[in-house]
Amino acid sequence: MLDGIAAGLSEIVDPARVLTAPAVLDRLSHDFYWYSPVLRPLLKSKTGDVAVQPVSVDEVLAVLRFAGRNEVPVTVRGAGTGNYGQCVPLEGGIVLDLSLMDKLEEITPDGVAVCQPGLRLAVLETEARKKGWELRMYPSTLVKASVGGFLAGGSGGIGSVAHGGLRDFDTVRAFEVVTMEDPPRLVLHEGAAVHEILHAWGTNGVLTRIWFALAPAVEWTQLTAAFDTYQQAFRFTQSIAVDAAWTKRLATVFEWPIPSFFAPIKQVVRAGKALALIMIETGQAQALRAAVDAAGGEVTFTGSFVGPRTQPLLSDYTWNHTTLWAMKADPAYTYLQCGFSPADCEEQFRLLRERYGNEILFHIEFMKNGDGVVIPGALPVVRFTTEERLNDMIEYCRSIGVFVANPHVNYLEDGGRFRADNIQLKAKQKYDPRGLLNPGKMISFRKEVATR
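Not measured: the values here are computed from a predicted model.

Asks: Mind showing me how you'd approach the nonpolar core here?
Replies: By size, the foremost hydrophobic cluster in this structure holds 63 residues, and its most contacted members are Val 147, Leu 151, Phe 175 and Phe 212. Dropping the residues within four chain positions of it, Phe 175 is found in contact with Leu 151, Val 187, Leu 188, His 189, Val 194, Ile 197, Leu 198, Leu 207, Arg 209, Ile 210 and Trp 211.

Structure follows, in structure tokens:
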């Protein structure tokens with residue numbers, strides 16, 4: 001079977017881009033699923049049978065035509081920076097690595113990047129700033145992550161405090177998608193139609209061209225501030241995040257001992273104190289320093305942001321990079337992805353601390369939702385003991401009104417941003433009726449339903 005797949009693909013693309021070496025397949029078949037102690041044993045041994053690296057839409061169409069004709073599963077891979085095992089092939093088959101489709105075609109005069117899916121976000125940020133634009137939002141994996149992977153598996157990040165998530169405010173203007181129909185088609189999705197495919201883990205189409213809205217570039221300053229208590233740090237950062245008068249790109253709070261995990265920037269940490277990290281428009285930096293002083297905090301660092309190569313790049317310690325630093329300090333740590341109530345969050349914090357003590361450490365990322373309300377999003381650091389205890393924590397969070405996207409499952413319906421209107425499922429039924437795209441990741445899909 002393997003030889004047949006590889007031989008067939010080698011007739012479609014340059015054989016040098018058909019990869020079968022075990023070490024290469026292992027690398028291209030995995031992402032950061034190991035953040036989850038639950039997913040780690042389930043996905044470690046899963047690999048594709050062959051990887052292929054197309055360089056054009058025509059090659060993507062040809063690969064999917066071959067796969068469909070031979071009933072071979074296809075799992076699409078971006079840069080592999082996801083945390084849910086989105087690009088791990090559960091049933092072998094072909095790993096479709098889009099990293100060589102990485103062209104930035106243009107940045108339009110009104111600030112829309114037109115690009116291929118393999119374009120790295122850091123490259124886009126750098127090129128956009130040369131033309132007076134910047135990314136509206138990006139994950140903490142900025143340097144490695146690709147635009148296509150971000151749209152397929154991400155939801156928000158640095159910048160979301162001002163611009164919301166990928167689903168909000170027409171950030172994703174349009175994209176072209178190759179389907180797994182018989183025969184495959186290239187379909188343009190624009191406007192509301194992007195939500196059929198957005199954040200569906202490549203289960204219902206392959207992104208090949210993207211129109212991605214940018215924001216006017218701002219000169220940013222990074223600032224860290226230490227506070228005696230988590231409550232002080234949280235309330236101060238929340239006040240900055242929700243006040244439209246402040247121009248900010250990032251507003252993050254860590255309770256102690258999370259800051260102690262950040263070994264490379266230990267000079268900005270104060271022992272025993274909570275830490276706030278804010279990216280502010282440079283013209284407001286002095287006013288922000290004064291606000292920190294007035295709130296009883298201590299500014300421990302300020303420095304210019306000059307792009308992805310900034311050192312230290314403080315966003316390397318936010319969003320899910322925080323979890324990585326925690327795991328480096330103690331492998332027993334993992335995380336959850338939560339959304340707290342803007343009105344009731346402090347009571348929710350109290351209830352969680354009362355029930356779980358220091359099993360849960362609060363790490364807040366403020367972000368704007370689609371209604372324009374800034375909410376306390378969160379990736380709390382959690383000490384893992386058993387899967388049962390972890391599930392109890394998730395269930396309790398939900399019982400007190402805390403939203404949880406469960407990062408310890410390998411399917412969209414509980415682990416991602418699966419839409420309540422089932423638009424992603426309907427798209428899979430339409431565009432992948434045989435269930436060959438990333439099978440097993442959309443558990444509500446049934447082949448028999450798709451034969452209509």
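There is more to say, and it comes next.
Asks: It is not clear to me how the side chain of Glu 59 should be interpreted in this structure. Could you clarify?
Replies: Relative to the assigned elements, Glu 59 resides in helix α4 (residues 57-70). Engagement of the side chain of Glu 59 in a polar contact is seen with the side chain of Arg 17, the distance being 2.9 Å. Polar side-chain contacts of Glu 59 include one of 2.9 Å to the backbone nitrogen of Val 55. Every residue in contact with Glu 59, bar those within four places of it in the chain, is listed here: Ile 12, Val 13, Arg 17, Gln 53 and Pro 54.

Asks: What exactly am I supposed to notice about the packing of helix α8 (residues 230-242) against helix α11 (residues 345-356) here?
Replies: A pair of packed helices is captured by two measures, namely the crossing angle of their axes and the spacing between those axes. Running from N to C, α8 and α11 cross one another at 155 degrees; their axes reach a closest spacing of 12 Å. Classified by the angle their axes make, α8 and α11 are roughly antiparallel. The hand of the α8/α11 crossing is right-handed. For the pair formed by α8 and α11, the contact residues are Tyr 230, Gln 231, Phe 234, Arg 235 and Gln 238 on the first element and Cys 345, Glu 346 and Phe 349 on the second. Class assignment of the residues belonging to the contact of α8 with α11 gives a composition of four nonpolar, two polar and two charged.

Asks: Honestly, the layout of surface pockets in this entry has me stumped. Any pointers?
Replies: The gaps of empty space that remain are located by a probe, the size of a water molecule, rolled over the atoms. Roughly 240 Å³ of internal volume is contained in the second largest pocket. What lines the second largest pocket is a set of 22 residues, among which Val 161, Ala 162, Trp 246, Thr 247 and Lys 248 lie closest to the centre. Of all the secondary-structure elements, those providing two or more residues to the lining of the second largest pocket are β7 (133-135), α7 (160-163), β10 (206-216), α8 and β12 (248-254). When residues in the lining of the second largest pocket are grouped by element, the largest group, three residues, is from α7.

Asks: Before we go on, may I ask you to explain the packing of α11 against helix α12 (residues 387-399) in this structure?
Replies: Look at α11 against α12: their axes get within 11 Å of each other, and the N-to-C directions meet at 155 degrees. It follows that α11 is roughly antiparallel to α12 by the angle criterion. Judged by the sense of rotation from one axis to the other, the crossing of α11 with α12 is right-handed. Touching Leu 351, Leu 352, Arg 355 and Tyr 356 of α11 are Arg 389, Asp 392, Met 393, Tyr 396 and Cys 397, all from α12. The residue inventory of the contact of α11 with α12, partitioned by class, reads six nonpolar, no polar and three charged.

Asks: Any chance you could explain the sheet that holds strand β17 (residues 360-361) here in plain terms?
Replies: Backbone hydrogen bonds are what pair the strands of a sheet, in a parallel or an antiparallel way. Here three strands make up an open sheet; going across it, the order is β15-β20-β17 and the pairing antiparallel. On the outer flanks of this sheet lie β15 (333-335) and β17, each paired with one strand and no other. The pairing of β17 with strand β20 (residues 381-383) spans two bridges and is classified as antiparallel. Each residue of the ladder has a partner; that of Ile 360, found in β20, is Val 382.

Asks: So what exactly am I meant to see when it comes to the side chain of Gln 337 here?
Replies: Relative to the elements of secondary structure, Gln 337 occurs in strand β16 (residues 337-339). Looking at Gln 337, its side chain comes within polar contact range of the side chain of Tyr 84, at 2.4 Å.

Asks: For this particular structure, what's the right way to read the environment of Met 442?
Replies: Along the chain, Met 442 turns up in the segment after α14 (423-431). Distance in space between the C-alpha atoms of Met 442 and His 189 is 21 Å, their sequence separation being 253 residues. Setting aside residues no more than four positions away along its own chain, Met 442 makes contact with Thr 203, Asn 204, Leu 412, Glu 413, Phe 418, Gln 424, Leu 425 and Lys 428.

The rules behind each value
- Residues numbered from 1 in each chain as written.
- Predicted model: local features only at pLDDT ≥ 70, side-chain atom pairs only at ≥ 80, totals over all residues.
- Heavy atoms only, no water.
- Core = buried A, V, L, I, M, F, W, Y, C linked by side-chain atoms within 4.5 Å.
- Buried < 20%, exposed > 50% of the residue type's maximum accessible area, 1.4 Å probe, protein only.
- Contact = heavy atoms within 4.5 Å.
- Helix = DSSP H or I, 4+ residues; strand = E, 2+ residues; numbered from the N terminus.
- Polar contact = N/O pair within 3.5 Å; in protein donor to acceptor, adjacent residues only side chain to side chain.
- Axes fitted to C-alpha atoms, helices over the stretch in contact; angles between N-to-C directions.
- Parallel < 35°, antiparallel > 145°, perpendicular 65-115°, else oblique.
- Left-handed = near helix turned anticlockwise from the far one by under 90°.
- Nonpolar A, V, L, I, M, F, W, Y, C, P; charged D, E, K, R; others polar.
- 1 Å grid on protein atoms, 1.4 Å probe; cavity = no way out; pocket = protein on both sides within 12 Å on 5 of 7 lines; lining within 4 Å.
- Points joined across faces, edges and corners; volume = space filled by probe spheres on them.
- Pairing = 2+ DSSP bridges.

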